[in-house]
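Coordinate analysis (summary)
Each chain, written out:
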Amino acid sequence: MVAPVRVRFAPSPTGEPHVGSLRTALFNYLFARQHRGTFIVRIEDTDRSRLVPGSDQRMFDALAWIGITMDEGPPVGGPHRPYVQSERLVLYREHAATLVAAGHAYECYCTTERLARLRAQGSVATMYDRTCRDLTEEERSQRRASGAPTVIRLKVPESGTFAHRDLIRGEVSFAASTVDDTVLMKSDGFPTYHLAHVVDDHLMEISHVIRGEEWLPSLPKHLCLYQAFGWAPPQFAHLPLLLGKDRSKLSKRHGSFSVQRFQDEGYVPPAVANFLALLGWNPGDERELFTLDELIHAFSLERVQPSGAVFDETKLAWMNLQHLRRFSDDEYGAQVQMYLKRIPSGVGERPPPWFALLARAVRERVKRFADIPALIGFVEALPPYEPRLLVPKKHTAAQARDGLAVARQALQVLPEAHWNVDAIRQGLDQAGQQVGDRTSVLWTTRVAITGQAVSPPVYESTALLDRAEALQRLSVAEERLNALR
RNA sequence: GGCCCCGUCGUCUAGGCUGGUCCAGGACACCACGCUUUCAAUGUGGUAACACGGGUUCGAAUCCCGUCGGGGCUACCA
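First, a word on what this report is: a plain description of the structure on this page. (Residues numbered from 1 in each chain as written. Chains lettered and ligands numbered in written order. Predicted model: local features only at pLDDT ≥ 70, side-chain atom pairs only at ≥ 80, totals over all residues. Heavy atoms only, no water.)

1. A short note on the sheet that holds strand S7 (residues 183-185)
For clarity, the cut-off: Two strands are said to pair when DSSP picks up at least two bridges between them. Put simply, DSSP H or I for four residues or longer makes a helix, DSSP E for two residues or longer makes a strand, and each gets a number counted from the N terminus. Note on geometry: axes are lines fitted to C-alpha atoms, helical ones only across the stretch in contact, with angles between N-to-C directions running from 0 to 180 degrees.
Spatially, S3-S4-S7 is the arrangement adopted by the 3 strands of the open sheet, whose pairing is antiparallel. The open sheet terminates on both sides in strands that have one partner only, identified here as strand S3 (105-108) and S7. Mean inter-strand twist for the sheet, computed between neighbouring axes without regard to direction, equals 45 degrees. Two strands pair when backbone bridges link them, and S3 and strand S4 (residues 151-154) are joined in this way by 4 bridges, in the antiparallel orientation. Opposite Glu107, over in S4, you have Ile152 as the bridge partner.

Okay, structure coming up:
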């Protein structure tokens with residue numbers, strides 16, 4: 001019987017949730033669910049200077065948005081509460097004291113100024129010079145009496161090797177001589193990430209630590225801590241980094257990659273989850289469209305790649321369209337309605353059927369909801385256009401005038417109650433037959449209705465307008481055509 | 001500088017552990033043509049990669065060594 005799977009996602013509440021964090025959360029979640037394990041969220045807020053109030057809640061919202069549910073964490077509680085590190089300070093102090101008492105850690109009285117100077121001059125080694133490591137008891141009480149700020153440092157063995165079998169990279173090892181005597185407890189009484197993380201993971205019985213590759217260099221420190229405490233370390237899996245176009249770690253330099261931004265641009269949660277999952281993982285066959293549930297079944301840590309992955313938004317957009325297709329017109333319309341309400345779109349109040357119609361008009365020509373407003377701007381106001389635009393290529397103004405006239409007649413006979421796409425399509429198609437030239441009917445109508453050469457389909461575009469408004473625009477167009485010589 | 005990780009089409013990747021079926025497969029993007037007298041979507045076709053150099057072997061994208069390249073970390077931040 002193997003130990004139950006317990007994984008955790010441990011974000012720092014330092015700002016807007018980022019897609020990189022979301023991916024780490026997702027991999028942890030998929031792994032937990034697949035193994036019928038437990039997914040825990042823990043807030044790592046040990047750095048008071050970088051704390052941004054409210055960002056923990058933003059992160060919970062981002063997780064919920066993409067469909068990740070947590071089994072233990074600040075909002076839901078759990079057997080190992082509290083799940084916020086700033087509320088667990090006593091625990092860290094006790095454990096740090098234990099380490100000092102056992103000779104695995106020591107107090108350090110060096111000032112930050114001295115340490116900075118040390119780093120500045122030493123171009124070779126940037127590690128702590130261990131000045132306070134072997135002080136006598138007398139020397140220590142002397143320093144303490146002088147009121148010097150104190151930190152606690154890990155006493156790393158001078159020789160030996162820290163090795164571990166990473167689930168994604170295989171054997172990784174570090175010579176103890178290259179491992180720094182890291183600070184465990186800061187002078188403000190808060191633990192550093194290293195101490196808090198190891199203590200919590202052990203206390204919370206974490207079985208697998210799945211985190212970004214940027215943590216790989218601190219693995220030996222953590223292994224050293226487990227050793228010092230006499231605890232068995234969990235398994236580790238270091239995920240490949242998410243990269244920008246220039247192949248460096250995704251950061252602000254590359255623009256915004258906040259979860260918020262993707263919501264604002266109208267990407268849907270299953271598409272984002274699908275895309276993020278495929279960054280560094282693949283199912284081993286040629287499938288690439290997955291729902292969250294399908295991901296849970298297909299996922300495996302063994303199939304996660306070790307090399308970094310460039311975040312290609314073009315592919316995300318394509319994938320978004322694929323997921324958008326799973327909505328019916330009504331569902332799609334409802335989503336768009338909610339979306340347009342969130343952003344300033346210029347689209348006024350409309351009944352749900354109107355949005356279903358809108359869905360029909362735009363759904364195959366839009367990859368993200370953010371592209372919709374530009375496509376349907378003509379609905380609220382007819383854009384100015386050159387009368388010449390009404391004349392199709394290889395046609396004369398007279399032909400256009402005829403086509404338009406027949407089109408208007410065909411639509412005019414439609415009563416208000418029959419003002420719908422099907423009737424409009426029928427009317428215009430018949431008009432086209434009557435004239436014997438579809439182009440002169442359809443093209444002129446398109447321009448008259450939308451004021452543009454490029455627009456959603458004529459029938460839908462026309463139906464999106466009120467009957468009176470549509471007829472009005474056709475009349476206007478006829479006049480412009482008449483004025484054309 | 002030091003430590004560590006990584007290296008297949010522009011991008012995401014399959015294949016590598018168990019060498020031959022890979023003159024390297026799929027997807028996004030791109031190009032061409034078809035459909036549609038809009039745009040898009042879609043269909044068909046196409047361009048495009050095993051970083052380099054040595055080994056091992058009858059045979060290497062696959063194993064070994066080296067080089068080069070890229071990235072991460074190097075705080076009383078996570």
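2. Let's talk about the protein's contact with RNA strand B
Heads up, the rule is: For each residue, the test is whether any non-hydrogen atom lies within 4 Å of the molecule or strand; if one does, the residue is near. Counting of polar contacts relies on pairs of N or O atoms within 3.5 Å, with two restrictions inside protein: one atom must be capable of donating a hydrogen and the other of accepting it, and residues adjacent in sequence are counted only when both atoms are side-chain atoms.
Around RNA strand B sit 63 residues, and of these Ser12, Asn282, Glu288, Arg365 and Thr439 come closest. When the atoms of RNA strand B within 4 Å of the protein are grouped by moiety, sugar and phosphate amount to 73% of the total. Glu286 places a side-chain nitrogen or oxygen 3.1 Å from a sugar or linking oxygen of RNA strand B. A distance of 2.8 Å separates a base oxygen of RNA strand B from a polar backbone atom of Ser455. Contributions of two or more residues to the surface near RNA strand B are made by helix H4 (112-121), S4, strand S6 (170-175), strand S11 (309-310), helix H11 (313-324) and helix H18 (438-450). With 4 residues, the top contributor of residues to the surface near RNA strand B is H18.

3. A few points about the nonpolar core
Burial of nonpolar side chains together is a common tendency in soluble globular proteins. To be explicit about the condition: Here, the term nonpolar core denotes a set of buried Ala, Val, Leu, Ile, Met, Phe, Trp, Tyr and Cys residues that are joined through side-chain atoms within 4.5 Å. The buried label applies to any residue whose accessible area, calculated with a 1.4 Å probe on protein chains only, is under 20% of its type's maximum; exposed applies above 50%, and partly exposed to all values in between. Here, residues are in contact when the closest pair of their heavy atoms is within 4.5 Å.
In this structure, Tyr332 and Leu358 are the most contacted members of the largest nonpolar core, which totals 54 residues. Secondary-structure elements contributing two or more residues to this core are helix H12 (329-342), helix H13 (352-362), helix H15 (377-380), helix H16 (397-412), helix H17 (421-435), H18, helix H19 (458-464) and helix H20 (467-483). If we ignore the near neighbours within four places in the chain, the residues touching Leu358 are Val336, Leu340, Ile376 and Leu464. Counting residues in hydrophobic clusters, the runner-up holds 52 residues, among them Val19, Phe27, Ile43 and Met70.

4. Considerations on unusual backbone geometry
A cis amide bond links Arg81 with the next residue in sequence, Pro82, at an omega value of 0 degrees. In this fold, Pro82 is placed in the loop between helix H2 (55-66) and helix H3 (89-101). The phi dihedral of Arg130 falls on the positive side, at around 65 degrees, and the residue is not glycine. Counting through the fold element by element, Arg130 comes out in the loop between H4 and helix H5 (137-145). A relative accessible area of 21% places Arg130 in the partly exposed class. With a phi angle near 60 degrees, Lys394 is a residue other than glycine that sits in the positive phi range. Mapped onto the elements of the fold, Lys394 is located in the loop between H15 and H16. Look at Lys394 and you get exposed, because its relative accessible area is 86%.

5. Quick word on the layout of surface pockets
This is how the line gets drawn: Cavities and pockets are defined on a 1 Å grid built over the protein atoms alone: a cavity is a set of grid points where a 1.4 Å probe fits but cannot escape, while a pocket is an open set with protein on both sides within 12 Å along at least five of seven lines, and lining residues are those with an atom within 4 Å of any such point. Grid points are joined across faces, edges and corners, and a volume is the space filled by probe spheres set on the points. Three classes are used, and their members are as follows: Ala, Val, Leu, Ile, Met, Phe, Trp, Tyr, Cys and Pro are nonpolar, Asp, Glu, Lys and Arg are charged, and the others, Gly among them, are polar.
One number sums up the size of the largest pocket: a volume of about 1,300 Å³. Surrounding the largest pocket, 48 residues form its lining, Ser12, Thr14, Ser21, Glu214 and Trp215 being those nearest its centre. Sorting the residues of the lining of the largest pocket by element identifies strand S1 (6-9), helix H1 (19-34), H2, helix H6 (193-203) and strand S8 (208-212) as the ones contributing at least two each. Tallying contributions element by element places H1 first for the lining of the largest pocket, with 4 residues. Along the lines of polarity and charge, the residues of the lining of the largest pocket split into 17 nonpolar, 17 polar and 14 charged. Within this model, the second largest pocket holds a volume of roughly 530 Å³. Broken down by secondary-structure element, the contributors of at least two residues to the lining of the second largest pocket are H4 and S4. Of all the elements, H4 adds the most residues to the lining of the second largest pocket, at 4 residues. Here the lining of the second largest pocket is built from residues that sort into 11 nonpolar, 8 polar and 8 charged.

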